Amino acid sequence: SLGIDPKSKLWQEGGRPMKNNIILMTDSYKASHWKQYPKNANGYFGYIEARGTDSDAKATVFFGLQMFIKKYLMKPFDYQDIVEAEDFFKAHGEPFNKEGWEYILDTYKGYIPVTIKAVPEGTVVPLKNALVTVECTDPKCFWVGSYIETCLLRAVWYPTTVATNSYECKKVIMDYLEKTSEDPAGAVMFKLHDFGGRGVSSGESAEIGGAAHLVNFMGSDTVEGVRAMNYYYNGFKMSAFSIPAAEHSTITAWGKENEVDAYRNMLTQYAKPGALLACVSDSYDIFNAVENLWGTQLKDEVIKSGAILVVRPDSGDPVTVVKKCIELLGDKFGYTLNKKGYKVLNYVRVIQGDGINRNTIQNILGTLYINGWSADNVAFGMGGALLQQLNRDTFQFAMKCSAIRIGDEWVDVSKNPVTDAGKKSKAGRLMLYKDTLGNIFTDLEDKVWMANKQDMLETVYKNGDIVREYTLDEVRKNA
């Protein structure tokens, strides 16, 4: 029934191709829900919000829904997908609404019949506000709005949380650049580099999370994320950049006794006027490498190359190590005082990519600041803390039903657990308003006193069509 020949080589070798099936991108219990609503129910309205936070962030940077729409909702399901879902749920112990899915296939050619409205991507929205609303467009299959909750919520919470995490780091970096740099806006976009590709749970996480980081910055080594941003938001143009950089194997392969030759080779291969190259330098002794190898034996070669050498420490206490490396480089290569009175290294910089999160960024930059060093001297690489050390509860994301149509009348619905007031949900058909002072808040769509106000939520998808598409430039401008 799945269209796979048991005699095929693929089957015999133990590999069965698993295509994406939107009907099975759900939680098991969703398959039983279509019979659980009131008999005369024929409409569903739901919303997604970030209910709270376990950090001091007060808002989220909305991002990522467009990727999901283009990748999954713009591709129709077919009859084989229905058959696969029927077989799966029968064996899995759940009922299956085959008639309902056949109706959607016949009536809507396999596209999900819902209207999705969302705040413009990149928008910074205070917590506890509706970011997305979902409404089924056909009374005969109103239940499908709730059915897609699993994949839709996942498509929103993860990239939005990563974009917010990156945004909060950017605020810290920008604060110190404004204090100590002559060109804060020009410098900030390359100050936090995505090192997270190998630290996430899957390739798709690298795509989604890696793209989310690029809302705020333009540096990344997570190729899947750059490709995703190029493909889904940037018209196949390049959205982020990287530079030649060494890893430990390309240094230790030369042997400890030839460490300086490994570094010289980096200069030979990649150093030229105006170029940047990064070299991990802690394979043995970071301070010896900085002071005696880079700062003495190779000093003239670095200067004559016309390139900017970026030294990368990768172990030890980040605050202590970065400060000492910059001080040693300052002793060897010298520095100038910029117009704000802060020291800027000549010919060299430092990138710290180990143990980086928002707190360590704050501590490193704060330490440099009180010692008279400009934030221009250091950049950061962030991996697991950027893309992986977060979850749905970081901002307590949830999707809830807020209205059901019974007969011809919409009825407000909500939950309000006596055991947890924080899980109280909103009731009614909702809109996201912005008043004349710039305050953003969620309220009912039929508020008479708000009749002249515009809903910030824009229709982005309806019945298989992408209605509103955002470019990377728009997203970055919004953020």
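Here, every reference points to the structure presented above.
Residues numbered from 1 in each chain as written. Predicted model: local features only at pLDDT ≥ 70, side-chain atom pairs only at ≥ 80, totals over all residues. Heavy atoms only, no water.

(A) Seen up close, the overall build of the protein chain. Scanning the protein chain for helices and strands turns up 17 helices and 18 strands. When its C-alpha atoms are laid out on the principal axes, the protein chain stretches across 80 × 70 × 40 Å. For the protein chain, the proportion of its 479 residues judged to be buried stands at 52%. When contacts within the protein chain are restricted to residue pairs at least 6 apart in sequence, those whose partners lie at least 24 apart make up 75%. (Helix = DSSP H or I, 4+ residues; strand = E, 2+ residues; numbered from the N terminus. Buried < 20%, exposed > 50% of the residue type's maximum accessible area, 1.4 Å probe, protein only. Contact = heavy atoms within 4.5 Å.)

(B) Local environment of empty space enclosed by the protein. Applying the stated criterion to the full structure yields four cavities of 30 Å³ or more. Here the largest cavity is characterised by a volume of approximately 60 Å³. Surrounding the largest cavity, Phe62, Leu65, Gln66, Ile69, Ala118, Val119, Glu121, Val460, Ile466, Arg468 and Tyr470 form its lining. Residue contributions to the lining of the largest cavity peak at three residues, all from helix α2 (residues 65-73). Among the residues forming the lining of the largest cavity, the class breakdown is eight nonpolar, one polar and two charged. As a volume, the second largest cavity reaches approximately 40 Å³. Forming the boundary of the second largest cavity are Lys30, His33, Trp34, Tyr37, Trp143, Ser146 and Tyr147. When grouped by side-chain class, the residues that make up the lining of the second largest cavity number four nonpolar, two polar and one charged. (1 Å grid on protein atoms, 1.4 Å probe; cavity = no way out; pocket = protein on both sides within 12 Å on 5 of 7 lines; lining within 4 Å. Points joined across faces, edges and corners; volume = space filled by probe spheres on them. Nonpolar A, V, L, I, M, F, W, Y, C, P; charged D, E, K, R; others polar.)

(C) Broad picture of the packing of aromatic side chains. This structure, assessed with the given rule, holds 17 aromatic pairs. Geometrically, the ring pair formed by tryptophan 101 and tyrosine 147 is edge-to-face, given 5.0 Å between the ring centres and 70° between the ring planes. Of this pair, tryptophan 101 sits in helix α4 (residues 98-108) while tyrosine 147 sits in helix α5 (residues 144-147), and the two are 46 residues apart along the sequence. The pair tryptophan 101 / tyrosine 147 is uniform in exposure class, with both members buried. A ring pair is formed by tyrosine 231 and tyrosine 232, whose centres lie 4.9 Å apart and whose planes are at 80°; its orientation type is edge-to-face. With relative accessibility at 49%, the residue tyrosine 231 sits in the partly exposed group. (Phe/Tyr/Trp six-rings, centres within 6.5 Å; stacked < 30°, edge-to-face > 60°.)

(D) Quick peek at the pairing of strand β17 (residues 458-462). Bridge count between strand β3 (residues 114-118) and β17: four bridges; the pairing is antiparallel. In the sheet register, threonine 115 faces β17, and the bridge partner there is lysine 462. Two elements, β17 and strand β18 (residues 465-466), share two bridges in a ladder whose sense is antiparallel. Within β18, the residue paired with tyrosine 461 across the bridge is isoleucine 466. Linking two consecutive strands that pair antiparallel, namely β17 and β18, is a turn of two residues; a positive phi of about 50° is found at asparagine 463 within it. (Pairing = 2+ DSSP bridges.)

(E) Structural context of the layout of surface pockets. Reported here for the largest pocket is a volume of approximately 1,200 Å³. Contributing to the lining of the largest pocket are 42 residues, with His193, Phe195, Ile243, Ala278 and Ile351 lying nearest its centre. Those elements that place two or more of their residues in the lining of the largest pocket are α7 (184-188), β6 (192-194), α9 (223-232), α10 (248-252), β7 (276-280), β8 (308-312), β11 (348-352) and β12 (378-382). Residues of the lining of the largest pocket, tallied by class, amount to 17 nonpolar, 13 polar and 12 charged. Here the second largest pocket defines a volume of roughly 560 Å³.

(F) Up close: the sheet that holds β12. Spatial strand order, β6-β12-β11-β8-β7: five strands in an open sheet with parallel pairing. Edge positions in the open sheet fall to β6 and β7, since each of these has one partner strand only. Put simply, the sheet's adjacent strands are angled 30° from each other on average, direction ignored. Sheet topology places β7 next to β8; five bridges connect them, and they run parallel. Considered in β8, the bridge of valine 280 is made with arginine 312. (Axes fitted to C-alpha atoms, helices over the stretch in contact; angles between N-to-C directions.)

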